[in-house]
Amino acid sequence: MNSTVVFEARGLTKRYGGTDALCAADLVLTVGEVHCLVGENGAGKSTLGKMIAGVVKPDNGVMLLDGEPIAYRDPRDALAAGITIVEQELALVPAMTVAENVVLGLSRGELRGSAPKRRRARSNTQSRTFVQRLIQQHSLDLDADAAVETLGTGAQQKVEILRALARRARVIVMDEPTARLTAPEAQHLLSIIRTLAQAGTTIVYVTHFLDEVLAIADRITVLRNGRVITTTPAAGQSPASLVSAMLGREVALNFPAKREAIADQEPPMLSVRAIEGPGTVRDVSFAVRPGEIVGVSGLVGSGRSQLARLIFGADAAVSGEIEIGGRVLRGGSTSEAIAAGVAYLPESRKDLGLFMPLSNQQNVTASHLDRVSRFGIVDREKSRVATKDILNRLSVTPADPRLSVSSLSGGNQQKVLFGKWLWHTPRLLIVDEPTRGVDVGAKFAIYDLLAELAQAGMAILLISSEIDEIVGLADRVLVMARGRLCASLVGEQVDEERILRAAFAHDALGEGAQLAEALR
């Protein structure tokens with residue numbers, strides 16, 4: 001790692017309303033280092049990363065590039081200075097090709113490697129050649145002519161990185177870049193980052209995944225409550241030491257204790273019989289009993305999320321039967337499922353779970369307006385008090401019903417999504433990727449919450465790509481492959497090796513190549 005300082009921040013501060021998102025933060029970045037920012041949700045790490053890239057303007061403080069003070073009007077100024085950001089929510093044009101997305105906004109001079117000119121480049125042979133050369137130079141498995149909408153999330157992430165490389169970025173901020181990637185895709189991205197750093201590019205890496213931090217970081221900056229707590233070499237750190245620094249206390253990184261096995265004679269809360277979906281789900285049957293956490297595992301595309309949507313009525317089944325507490329549902333109706341006591345937390349809180357521009361109060365009460373209304377008129381005070389109680393119960397910070405949910409950190413948004421359904425206790429809770437994009441402290445708080453709900457008798461269907469999460473929480477595990485249940489594991493059978501073996505069960509049927517492709 002080069003010791004030459006490329007960027008320095010002194011005393012950066014940002015306030016939103018009465019909340020300090022960042023307070024007098026200092027940071028030094030050197031040439032060719034991977035510098036990780038870690039902390040709880042709301043600690044200020046994303047705010048700091050966005051300030052470096054010109055997305056957020058500081059209220060106070062100074063930034064220096066190569067020792068000279070800089071002030072951005074917008075991200076374009078930062079880009080001109082050689083600093084860019086790859087955000088968690090990708091900003092690509094789906095209908096355009098890889099090459100067209102990469103050169104979008106570049107001048108003809110930039111394509112030729114000379115000084116920028118006002119005239120913009122068009123997607124022609126010159127731009128395609130330019131992008132193809134970048135792809136080959138950085139050994140990225142991409143087709144310059146492929147439409148972005150045909151690519152998987154991992155490939156789209158590579159396109160964003162290509163955009164940064166095309167602009168000759170010296171500093172690249174990556175905000176939760178692996179949050180929506182499969183494990184193999186994440187590992188490939190980390191190898192790309194190592195190569196970029198070795199070539200002299202400085203990477204600012206914002207993430208909740210401490211195993212990634214320890215695998216890739218040269219130095220780590222820990223933030224807590226908007227303040228920089230420490231900056232330290234990654235060597236010698238451990239998940240436990242980082243969590244202690246993030247939270248300011250020792251935390252046991254253990255899953256809650258599981259309950260004793262639920263008797264098979266216990267009447268099921270959920271019964272699914274020979275259900276078939278319009279997409280990948282084929283002839284699936286299983287049951288979930290009160291107080292039981294049943295995990296659903298499998299590869300991407302195995303049908304896990306569609307199964308959840310079929311049970312909740314978001315999609316209509318082609319055939320089969322779904323029963324809740326002895327009541328057979330007609331299917332294809334979310335209102336019917338909700339009335340039967342089903343709650344569903346989808347895998348994407350931003351796209352499917354929350355109304356991002358609306359307040360916490362509006363989000364929490366959206367599914368329960370009848371409970372805070374009289375003669376069709378919403379009692380705003382009753383709604384506010386009920387929402388405040390839920391936010392406090394789930395330790396949402398800040399617990400202000402009036403705040404827009406979009407102003408909260410990812411972990412607190414996820415808690416609001418839980419609050420939306422837990423205000424009126426459901427009989428069956430379906431959670432799809434419940435800890436995606438949340439910090440380690442919030443993650444284990446969600447684990448404790450799920451265990452507490454199961455202890456109280458709620459039936460829980462847990463869908464997760466994180467196998468350790470499935471193993472640590474589930475009483476029983478259903479493994480899906482290509483739309484079918486291929487294994488049901490219980491008790492001591494529930495371990496990572498058996499789950500992975502079952503997920504690849506269709507290899508013997510000649511489908512191994514397709515599954516291997518899904519993991520690339």
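In this report, we go over the structure that sits alongside the text. (Residues numbered from 1 in each chain as written. Predicted model: local features only at pLDDT ≥ 70, side-chain atom pairs only at ≥ 80, totals over all residues. Heavy atoms only, no water.)

## Some words on the pairing of strand β14 (residues 319-324)
Two faces belong to every sheet, and in a regular strand the side chains alternate between them. Two elements, strand β11 (residues 270-276) and β14, share five bridges in a ladder whose sense is antiparallel. For E276, the partnering residue across the bridge sits in β14 and is S319. Here β14 runs beside strand β15 (residues 327-328); their pairing, made up of two bridges, is antiparallel. From the neighbouring strand, I324 faces β15, where its bridge partner is R327. The turn joining β14 and β15, which pair antiparallel and follow one another in sequence, is formed by two residues; a positive phi near 55° is taken by G325. (Pairing = 2+ DSSP bridges. Helix = DSSP H or I, 4+ residues; strand = E, 2+ residues; numbered from the N terminus.)

## A few points about the sheet that holds strand β21 (residues 476-481)
In space, the six strands of this open sheet follow the order β16-β19-β20-β13-β21-β22, with mixed pairing throughout. Every other strand in the sheet has two partners, leaving β16 (342-345) and β22 (484-490) as the edge strands with one partner each. Recorded for the sheet is a direction-independent mean angle of 20° between the axes of neighbouring strands. In the sheet, β16 pairs with strand β19 (residues 428-432) via four bridges, with the strands oriented parallel. (Axes fitted to C-alpha atoms, helices over the stretch in contact; angles between N-to-C directions.)

## Concerning the pattern of salt bridges
Once the charged atoms of two side chains with opposite charge are near each other, the side chains can pair. Counted according to the given criterion, the structure contains 21 salt bridges. A salt bridge links R10 to E8, with the shortest nitrogen-to-oxygen separation between them at 3.0 Å. By relative accessible area, R10 is classed as partly exposed at 43%. The partly exposed category is assigned to E8, whose relative accessible area is 22%. In this structure, R476 and E292 form a salt bridge, with 3.0 Å as the shortest nitrogen-oxygen distance. Remark: E292 occurs in the loop between β12 (284-288) and β13 (293-298) and R476 occurs in strand β21; sequence separation between them is 184 residues. Across the pair, E292 and R476 agree in class, each one buried. Residues joined by salt bridges that share partners form a network here, namely R273, E321 and E323. (Salt bridge = Lys/Arg side-chain N within 4 Å of Asp/Glu carboxyl O. Buried < 20%, exposed > 50% of the residue type's maximum accessible area, 1.4 Å probe, protein only.)

## Here we look at the sheet that holds strand β4 (residues 60-65)
The strand order across the open sheet formed by four strands is β2-β1-β4-β5, and the pairing between neighbours is antiparallel. A strand with exactly one partner marks an edge of an open sheet, and here the two such strands are β2 (19-30) and β5 (68-70). Adjacent strand axes in the sheet meet at a mean angle of 25°, parallel and antiparallel pairs treated alike. Both strand β1 (residues 5-16) and β4 contribute to a ladder of five bridges, which runs antiparallel. Looking at the pairing, E8 lines up with L64 of β4.

## Describing unusual backbone geometry
With an omega of -10°, the peptide bond between T397 and P398 qualifies as cis. With respect to the secondary-structure elements, P398 resides in the loop between α14 (380-393) and α15 (410-422). With phi around 55°, D66 is a residue other than glycine that occupies positive phi space. Looking at D66, the relative accessible area reads 43%, which means it is partly exposed. The phi dihedral of N225 is positive, around 55°, even though this residue is not glycine. Positionally, N225 belongs in the loop between β9 (219-224) and β10 (227-233). The exposure class of N225 is exposed, given its relative accessible area of 61%.

## Some remarks on the side chain of T207
One can find T207 in the loop between β8 (202-206) and α8 (210-216). On the basis of relative accessible area, T207 is assigned to the buried category, the value being 1%. Among the polar contacts made by the side chain of T207, one reaches the main-chain amide nitrogen of F209 at a distance of 3.1 Å. Other than its neighbours up to four places away in sequence, T207 contacts L37, V38, K45, E176, E212 and V213. (Polar contact = N/O pair within 3.5 Å; in protein donor to acceptor, adjacent residues only side chain to side chain. Contact = heavy atoms within 4.5 Å.)

## Points about empty space enclosed by the protein
Taken as a whole and assessed by the stated rule, the structure comprises one cavity of 30 Å³ or more. Reported here for the largest cavity is a volume of approximately 140 Å³. In terms of lining, the largest cavity is formed by Q88, E89, R180, P346, E347, S348, R349, K350, D351, Q414, E433 and R436. Of the residues in the lining of the largest cavity, the class split is one nonpolar, three polar and eight charged. (1 Å grid on protein atoms, 1.4 Å probe; cavity = no way out; pocket = protein on both sides within 12 Å on 5 of 7 lines; lining within 4 Å. Points joined across faces, edges and corners; volume = space filled by probe spheres on them. Nonpolar A, V, L, I, M, F, W, Y, C, P; charged D, E, K, R; others polar.)

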